[in-house]
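Single-letter residue listing:
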Amino acid sequence: MDIEPASTTGLHSLVVRPIVPSERERFDETLRAEHWLGDSLVGEVMRYVAVENGRWCALLGFGSAALCVRSREELLGWSDAQRYRRLRYITNNQRFCILDGHRRPNLASQVLSATLKRLSSDFQTRWGHPVVMVETFTDPSRHLGTCYQASNFTKVGMTSGYSRKAGHFVHHGDQKVYWARYLHRNAVRLLSSDFDHPLLSPRRTMNAIDMNRLDLDSAEGLLARLESVPDPRDPRGIRHRLAVILSIAVLATLRGATSLVAIGEVAAELPEEALARLSPATGHYVAHDPSYVQSSRRKHGRSCHQRMDR
(Lines give C-alpha, C1' and ligand atoms only; values in the text may rest on other atoms or scores of the structure.)
Protein backbone atom coordinates (compact mmCIF):
# COMPACT_ATOMS: atom_id res chain seq x y z
CA MET A 1 0.00 0.00 0.00
CA ASP A 2 1.34 3.39 -0.99
CA ILE A 3 1.72 5.58 2.06
CA GLU A 4 3.26 8.60 0.37
CA PRO A 5 1.76 12.00 1.25
CA ALA A 6 -1.60 12.76 -0.33
CA SER A 7 -1.09 16.50 0.03
CA THR A 8 1.11 19.12 1.58
CA THR A 9 -0.49 22.45 2.39
CA GLY A 10 1.74 25.45 2.92
CA LEU A 11 3.41 25.84 6.28
CA HIS A 12 1.23 23.18 7.89
CA SER A 13 2.87 20.25 6.01
CA LEU A 14 -0.34 18.19 6.06
CA VAL A 15 0.02 14.54 5.00
CA VAL A 16 -2.88 12.10 4.63
CA ARG A 17 -2.10 8.38 4.20
CA PRO A 18 -3.40 4.90 5.05
CA ILE A 19 -2.13 3.55 8.33
CA VAL A 20 0.45 0.78 8.35
CA PRO A 21 -0.23 -2.48 10.27
CA SER A 22 1.95 -1.46 13.21
CA GLU A 23 -0.26 1.64 13.73
CA ARG A 24 -3.56 -0.26 13.96
CA GLU A 25 -3.59 -0.52 17.77
CA ARG A 26 -2.82 3.17 18.21
CA PHE A 27 -5.46 4.07 15.63
CA ASP A 28 -8.19 2.05 17.39
CA GLU A 29 -7.27 3.29 20.85
CA THR A 30 -7.27 6.93 19.72
CA LEU A 31 -10.58 6.56 17.92
CA ARG A 32 -12.20 4.91 20.94
CA ALA A 33 -10.99 7.74 23.15
CA GLU A 34 -12.00 10.64 20.91
CA HIS A 35 -14.96 9.59 18.75
CA TRP A 36 -18.40 9.12 20.26
CA LEU A 37 -19.10 6.08 18.05
CA GLY A 38 -15.88 4.27 18.93
CA ASP A 39 -13.56 2.37 16.60
CA SER A 40 -15.97 -0.12 15.00
CA LEU A 41 -15.67 -0.14 11.19
CA VAL A 42 -17.47 -2.71 9.05
CA GLY A 43 -17.08 -4.18 5.60
CA GLU A 44 -14.28 -3.32 3.21
CA VAL A 45 -12.40 -0.98 5.50
CA MET A 46 -9.77 1.69 4.83
CA ARG A 47 -8.16 3.54 7.75
CA TYR A 48 -6.38 6.86 7.23
CA VAL A 49 -4.34 9.14 9.44
CA ALA A 50 -3.64 12.82 8.81
CA VAL A 51 -0.22 13.99 10.00
CA GLU A 52 0.61 17.66 10.41
CA ASN A 53 4.10 18.79 11.35
CA GLY A 54 4.91 15.23 12.33
CA ARG A 55 1.93 14.72 14.68
CA TRP A 56 -1.33 12.85 14.18
CA CYS A 57 -4.12 15.41 13.83
CA ALA A 58 -7.07 13.47 12.37
CA LEU A 59 -8.36 9.94 11.77
CA LEU A 60 -10.71 8.72 9.05
CA GLY A 61 -12.37 5.36 8.56
CA PHE A 62 -14.20 4.12 5.47
CA GLY A 63 -16.22 0.93 5.18
CA SER A 64 -18.98 -0.72 3.18
CA ALA A 65 -21.95 1.35 2.09
CA ALA A 66 -25.31 1.14 3.84
CA LEU A 67 -27.45 -1.70 2.49
CA CYS A 68 -30.50 0.44 1.84
CA VAL A 69 -31.07 4.21 1.97
CA ARG A 70 -34.21 5.56 0.35
CA SER A 71 -32.76 8.94 -0.58
CA ARG A 72 -29.71 7.29 -2.19
CA GLU A 73 -31.85 4.89 -4.19
CA GLU A 74 -33.94 7.80 -5.45
CA LEU A 75 -30.79 9.75 -6.31
CA LEU A 76 -29.26 6.92 -8.35
CA GLY A 77 -32.47 5.52 -9.79
CA TRP A 78 -31.11 1.99 -9.77
CA SER A 79 -33.02 -1.26 -9.32
CA ASP A 80 -32.61 -3.61 -6.37
CA ALA A 81 -30.60 -5.99 -8.55
CA GLN A 82 -28.25 -3.19 -9.61
CA ARG A 83 -27.92 -2.05 -6.00
CA TYR A 84 -26.86 -5.49 -4.74
CA ARG A 85 -24.46 -5.88 -7.67
CA ARG A 86 -22.79 -2.47 -7.47
CA LEU A 87 -23.02 -1.41 -3.84
CA ARG A 88 -19.35 -2.29 -3.40
CA TYR A 89 -18.42 0.68 -5.60
CA ILE A 90 -19.79 3.04 -2.94
CA THR A 91 -17.95 3.50 0.34
CA ASN A 92 -19.21 4.96 3.59
CA ASN A 93 -17.16 7.44 5.59
CA GLN A 94 -17.98 5.76 8.89
CA ARG A 95 -15.58 7.75 11.08
CA PHE A 96 -13.98 11.20 10.87
CA CYS A 97 -12.28 12.61 13.93
CA ILE A 98 -10.17 15.76 14.37
CA LEU A 99 -8.01 15.03 17.41
CA ASP A 100 -8.08 17.23 20.48
CA GLY A 101 -5.38 19.86 20.53
CA HIS A 102 -5.05 19.95 16.74
CA ARG A 103 -8.09 21.92 15.67
CA ARG A 104 -7.61 24.88 13.37
CA PRO A 105 -9.68 26.59 10.66
CA ASN A 106 -10.17 24.54 7.46
CA LEU A 107 -8.29 21.50 8.77
CA ALA A 108 -11.28 19.15 8.48
CA SER A 109 -12.08 20.08 4.89
CA GLN A 110 -8.39 19.91 3.88
CA VAL A 111 -8.00 16.45 5.40
CA LEU A 112 -11.18 15.19 3.78
CA SER A 113 -10.38 16.61 0.35
CA ALA A 114 -6.87 15.15 0.41
CA THR A 115 -8.26 11.73 1.34
CA LEU A 116 -10.86 11.75 -1.42
CA LYS A 117 -8.18 12.38 -4.05
CA ARG A 118 -6.54 9.03 -3.34
CA LEU A 119 -9.47 7.00 -2.02
CA SER A 120 -10.49 5.15 -5.17
CA SER A 121 -6.95 4.10 -6.11
CA ASP A 122 -6.36 2.92 -2.55
CA PHE A 123 -9.51 0.80 -2.72
CA GLN A 124 -8.28 -0.65 -6.01
CA THR A 125 -4.98 -1.61 -4.37
CA ARG A 126 -6.48 -2.94 -1.12
CA TRP A 127 -9.77 -4.50 -2.24
CA GLY A 128 -9.33 -5.05 -5.98
CA HIS A 129 -11.92 -2.56 -7.19
CA PRO A 130 -12.40 1.22 -7.32
CA VAL A 131 -15.09 3.30 -5.64
CA VAL A 132 -16.97 6.00 -7.55
CA MET A 133 -19.04 7.50 -4.76
CA VAL A 134 -18.68 8.26 -1.05
CA GLU A 135 -21.60 8.48 1.35
CA THR A 136 -21.85 9.45 4.99
CA PHE A 137 -24.41 10.22 7.67
CA THR A 138 -24.40 13.09 10.15
CA ASP A 139 -26.47 13.55 13.28
CA PRO A 140 -28.04 17.04 13.08
CA SER A 141 -28.23 17.19 16.87
CA ARG A 142 -24.41 17.01 17.07
CA HIS A 143 -23.04 18.89 14.07
CA LEU A 144 -24.04 20.48 10.77
CA GLY A 145 -21.70 18.61 8.44
CA THR A 146 -19.95 21.82 7.40
CA CYS A 147 -16.71 20.07 6.45
CA TYR A 148 -18.61 17.73 4.11
CA GLN A 149 -20.33 20.64 2.43
CA ALA A 150 -16.95 22.37 2.04
CA SER A 151 -15.61 19.21 0.36
CA ASN A 152 -18.41 19.19 -2.26
CA PHE A 153 -20.65 16.62 -0.61
CA THR A 154 -24.33 17.05 -1.40
CA LYS A 155 -27.02 16.85 1.26
CA VAL A 156 -29.35 14.34 -0.37
CA GLY A 157 -32.02 13.82 2.29
CA MET A 158 -32.93 12.44 5.69
CA THR A 159 -33.00 8.82 6.78
CA SER A 160 -36.18 7.22 8.08
CA GLY A 161 -34.78 6.56 11.55
CA TYR A 162 -34.07 2.84 11.15
CA SER A 163 -30.93 0.81 11.78
CA ARG A 164 -30.05 -2.73 10.81
CA LYS A 165 -29.43 -5.22 13.62
CA ALA A 166 -29.03 -8.97 13.27
CA GLY A 167 -30.47 -8.88 9.77
CA HIS A 168 -33.55 -6.86 10.72
CA PHE A 169 -34.44 -3.17 10.52
CA VAL A 170 -35.16 -1.61 13.92
CA HIS A 171 -36.78 1.81 14.29
CA HIS A 172 -34.86 4.06 16.68
CA GLY A 173 -36.38 7.37 15.60
CA ASP A 174 -33.10 9.28 15.26
CA GLN A 175 -33.04 10.64 11.73
CA LYS A 176 -29.67 11.33 10.13
CA VAL A 177 -28.67 13.53 7.23
CA TYR A 178 -27.47 11.55 4.20
CA TRP A 179 -24.58 13.09 2.24
CA ALA A 180 -23.11 11.92 -1.09
CA ARG A 181 -19.97 12.83 -3.01
CA TYR A 182 -19.18 11.57 -6.52
CA LEU A 183 -15.58 10.53 -7.18
CA HIS A 184 -16.29 10.08 -10.89
CA ARG A 185 -18.19 12.59 -13.00
CA ASN A 186 -20.39 9.82 -14.44
CA ALA A 187 -20.91 7.98 -11.15
CA VAL A 188 -24.71 7.83 -11.48
CA ARG A 189 -24.51 6.33 -14.96
CA LEU A 190 -21.82 3.87 -13.92
CA LEU A 191 -23.89 2.63 -10.98
CA SER A 192 -27.27 2.43 -12.71
CA SER A 193 -26.51 1.46 -16.34
CA ASP A 194 -27.81 -1.77 -17.84
CA PHE A 195 -24.37 -3.19 -18.62
CA ASP A 196 -21.34 -3.10 -16.35
CA HIS A 197 -19.01 -0.27 -17.32
CA PRO A 198 -15.38 -1.38 -17.92
CA LEU A 199 -14.35 0.65 -14.88
CA LEU A 200 -16.55 -1.60 -12.73
CA SER A 201 -15.98 -4.81 -14.63
CA PRO A 202 -14.73 -7.73 -12.52
CA ARG A 203 -12.91 -9.05 -15.60
CA ARG A 204 -10.20 -6.42 -15.42
CA THR A 205 -7.76 -8.32 -17.63
CA MET A 206 -9.96 -7.80 -20.69
CA ASN A 207 -9.62 -4.86 -23.06
CA ALA A 208 -13.22 -3.96 -22.37
CA ILE A 209 -15.39 -1.33 -24.02
CA ASP A 210 -18.47 0.38 -22.62
CA MET A 211 -21.34 -1.75 -23.91
CA ASN A 212 -23.88 0.82 -22.75
CA ARG A 213 -22.87 2.87 -25.80
CA LEU A 214 -23.65 0.11 -28.30
CA ASP A 215 -26.69 0.39 -30.54
CA LEU A 216 -28.70 -2.69 -29.62
CA ASP A 217 -32.34 -1.82 -30.17
CA SER A 218 -32.69 0.37 -33.26
CA ALA A 219 -33.57 -0.83 -36.75
CA GLU A 220 -29.85 -0.79 -37.60
CA GLY A 221 -28.69 -2.06 -34.21
CA LEU A 222 -26.90 -5.24 -33.27
CA LEU A 223 -30.01 -7.34 -32.60
CA ALA A 224 -31.61 -6.36 -35.90
CA ARG A 225 -28.49 -7.29 -37.85
CA LEU A 226 -28.13 -10.62 -36.06
CA GLU A 227 -31.76 -11.47 -36.85
CA SER A 228 -30.68 -11.77 -40.50
CA VAL A 229 -28.35 -14.68 -39.70
CA PRO A 230 -30.01 -17.96 -40.74
CA ASP A 231 -30.84 -20.34 -37.93
CA PRO A 232 -29.89 -23.97 -38.73
CA ARG A 233 -31.36 -25.35 -35.49
CA ASP A 234 -34.19 -27.82 -35.32
CA PRO A 235 -37.28 -25.75 -34.38
CA ARG A 236 -38.23 -28.29 -31.75
CA GLY A 237 -36.99 -27.32 -28.33
CA ILE A 238 -35.77 -23.83 -29.25
CA ARG A 239 -36.14 -21.57 -26.20
CA HIS A 240 -34.24 -18.46 -27.24
CA ARG A 241 -33.83 -16.56 -30.48
CA LEU A 242 -30.52 -17.14 -32.20
CA ALA A 243 -29.95 -13.38 -32.38
CA VAL A 244 -30.06 -13.16 -28.59
CA ILE A 245 -27.54 -15.96 -28.15
CA LEU A 246 -25.23 -14.51 -30.78
CA SER A 247 -25.51 -11.03 -29.30
CA ILE A 248 -24.11 -12.30 -25.99
CA ALA A 249 -21.21 -13.90 -27.85
CA VAL A 250 -20.58 -10.65 -29.72
CA LEU A 251 -20.69 -8.56 -26.56
CA ALA A 252 -18.32 -10.95 -24.82
CA THR A 253 -15.92 -10.77 -27.77
CA LEU A 254 -16.02 -6.97 -27.63
CA ARG A 255 -15.02 -7.25 -23.99
CA GLY A 256 -11.99 -9.31 -24.98
CA ALA A 257 -13.23 -12.91 -24.69
CA THR A 258 -11.26 -15.22 -26.97
CA SER A 259 -12.72 -18.63 -26.08
CA LEU A 260 -16.06 -20.30 -25.38
CA VAL A 261 -15.16 -20.52 -21.70
CA ALA A 262 -14.49 -16.78 -21.57
CA ILE A 263 -17.75 -16.06 -23.41
CA GLY A 264 -19.61 -18.17 -20.86
CA GLU A 265 -17.95 -16.32 -17.99
CA VAL A 266 -19.02 -12.97 -19.44
CA ALA A 267 -22.57 -14.29 -19.92
CA ALA A 268 -22.64 -15.31 -16.26
CA GLU A 269 -21.73 -11.78 -15.22
CA LEU A 270 -24.42 -9.99 -17.24
CA PRO A 271 -26.97 -8.30 -14.95
CA GLU A 272 -30.69 -8.88 -15.38
CA GLU A 273 -31.18 -5.41 -16.87
CA ALA A 274 -28.71 -6.23 -19.64
CA LEU A 275 -30.36 -9.57 -20.37
CA ALA A 276 -33.76 -7.86 -20.50
CA ARG A 277 -32.47 -5.50 -23.20
CA LEU A 278 -31.11 -8.42 -25.21
CA SER A 279 -34.35 -10.43 -25.03
CA PRO A 280 -37.17 -7.89 -24.61
CA ALA A 281 -39.90 -9.81 -26.41
CA THR A 282 -39.67 -13.15 -24.65
CA GLY A 283 -40.14 -12.09 -21.03
CA HIS A 284 -37.43 -14.56 -20.03
CA TYR A 285 -33.72 -14.28 -20.46
CA VAL A 286 -30.90 -16.36 -21.83
CA ALA A 287 -29.55 -18.57 -19.07
CA HIS A 288 -26.13 -17.79 -17.62
CA ASP A 289 -24.68 -20.91 -19.20
CA PRO A 290 -21.81 -21.15 -21.70
CA SER A 291 -23.42 -24.28 -23.17
CA TYR A 292 -25.83 -22.00 -25.04
CA VAL A 293 -22.95 -20.45 -26.93
CA GLN A 294 -21.27 -23.80 -27.43
CA SER A 295 -24.51 -25.31 -28.70
CA SER A 296 -25.00 -22.44 -31.09
CA ARG A 297 -21.51 -22.89 -32.50
CA ARG A 298 -21.94 -26.67 -32.86
CA LYS A 299 -25.28 -26.38 -34.67
CA HIS A 300 -24.09 -23.52 -36.86
CA GLY A 301 -21.00 -25.28 -38.06
CA ARG A 302 -19.73 -23.34 -41.05
CA SER A 303 -23.07 -22.78 -42.75
CA CYS A 304 -23.38 -19.06 -42.00
CA HIS A 305 -19.89 -17.81 -41.15
CA GLN A 306 -19.84 -15.53 -44.19
CA ARG A 307 -23.12 -13.91 -43.10
CA MET A 308 -21.77 -13.53 -39.57
CA ASP A 309 -18.59 -11.85 -40.86
CA ARG A 310 -20.70 -9.27 -42.69
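Residues numbered from 1 in each chain as written. Predicted model: local features only at pLDDT ≥ 70, side-chain atom pairs only at ≥ 80, totals over all residues. Heavy atoms only, no water.

Novice: Please give an account of the overall build of the chain that cites residues and values.
Specialist: Of regular secondary structure, the chain possesses 12 helices and nine strands. Residues classed as buried in the chain amount to 48% of the 310 residues present. Once local pairs closer than 6 in sequence are excluded, the contacts in the chain between residues at least 24 apart make up 68%. (Helix = DSSP H or I, 4+ residues; strand = E, 2+ residues; numbered from the N terminus. Buried < 20%, exposed > 50% of the residue type's maximum accessible area, 1.4 Å probe, protein only. Contact = heavy atoms within 4.5 Å.)

Novice: Explain the side chain of Glu 23 to me, and be specific about the residues and the numbers.
Specialist: Mapped onto the elements, Glu 23 comes out in the loop between strand E1 (14-18) and helix H1 (24-34). Those residues within four positions of Glu 23 in sequence are excluded, and the remaining contacts are Arg 17 and Trp 56.

Novice: Describe in detail the side chain of His 35, supporting the description with residues and values.
Specialist: When you line up the elements, His 35 lands in the loop between H1 and strand E2 (46-52). At 3.0 Å, the side chain of His 35 and the backbone nitrogen of Leu 37 are in polar contact. Dropping the residues within four chain positions of it, His 35 is found in contact with Arg 95, Phe 96 and Cys 97. (Polar contact = N/O pair within 3.5 Å; in protein donor to acceptor, adjacent residues only side chain to side chain.)

Novice: I'd like a description of the packing of helix H8 (residues 242-254) against helix H9 (residues 260-269), backed by residues and values.
Specialist: Remark: H8 packs on H9, axes separated minimally by 9 Å, with the N-to-C direction vectors making an angle of 100°. Between H8 and H9, the angle falls in the class roughly perpendicular. Each of Ile 248, Ala 249, Ala 252 and Thr 253 in H8 lies in contact with H9, whose residues at this interface are Ile 263, Val 266 and Ala 267. (Axes fitted to C-alpha atoms, helices over the stretch in contact; angles between N-to-C directions. Parallel < 35°, antiparallel > 145°, perpendicular 65-115°, else oblique.)

Novice: An account of H8 is needed here, citing residue identities and associated values.
Specialist: Look at H8: 18 Å from first C-alpha to last across 13 residues, which is about the 18 Å you get at 1.5 Å a residue. Burial analysis of H8 places 10 of its 13 residues in the buried class, which makes it a mostly covered element. Restricting attention to buried positions, one finds in H8 the residues Leu 242, Ala 243, Val 244, Ile 245, Leu 246, Ser 247, Ile 248, Ala 249, Leu 251 and Ala 252. (Expected span 1.5 Å × (residues − 1).)

Novice: Please give an account of the confidence of the model for the chain that cites residues and values.
Specialist: Counting all residues, the mean pLDDT for the chain is 82, and 79% of those residues have values of 70 or more. Element-level mean pLDDT values for the chain span from 50 in helix H11 (residues 290-300) up to 97 in strand E5 (residues 133-138). Below a pLDDT of 50 lies the segment residues 7-11, which in the model reaches nine contacts outside its immediate sequence neighbourhood of four places, other chains included. (pLDDT = per-residue confidence, 0-100.)

Novice: Could you give me a rundown of the pairing of strand E9 (residues 177-182), with the residues and numbers involved?
Specialist: Of all six residues that make up E9, five are buried, and the element is covered over most of its length. Here six bridges tie E5 to E9, and the two strands are oriented antiparallel to one another. Within the sheet, the bridge partner assigned to Met 133 lies in E9 and is Tyr 182. Judged from the four bridges that link them, strand E6 (residues 154-158) and E9 form a sheet pairing that is antiparallel. (Pairing = 2+ DSSP bridges.)

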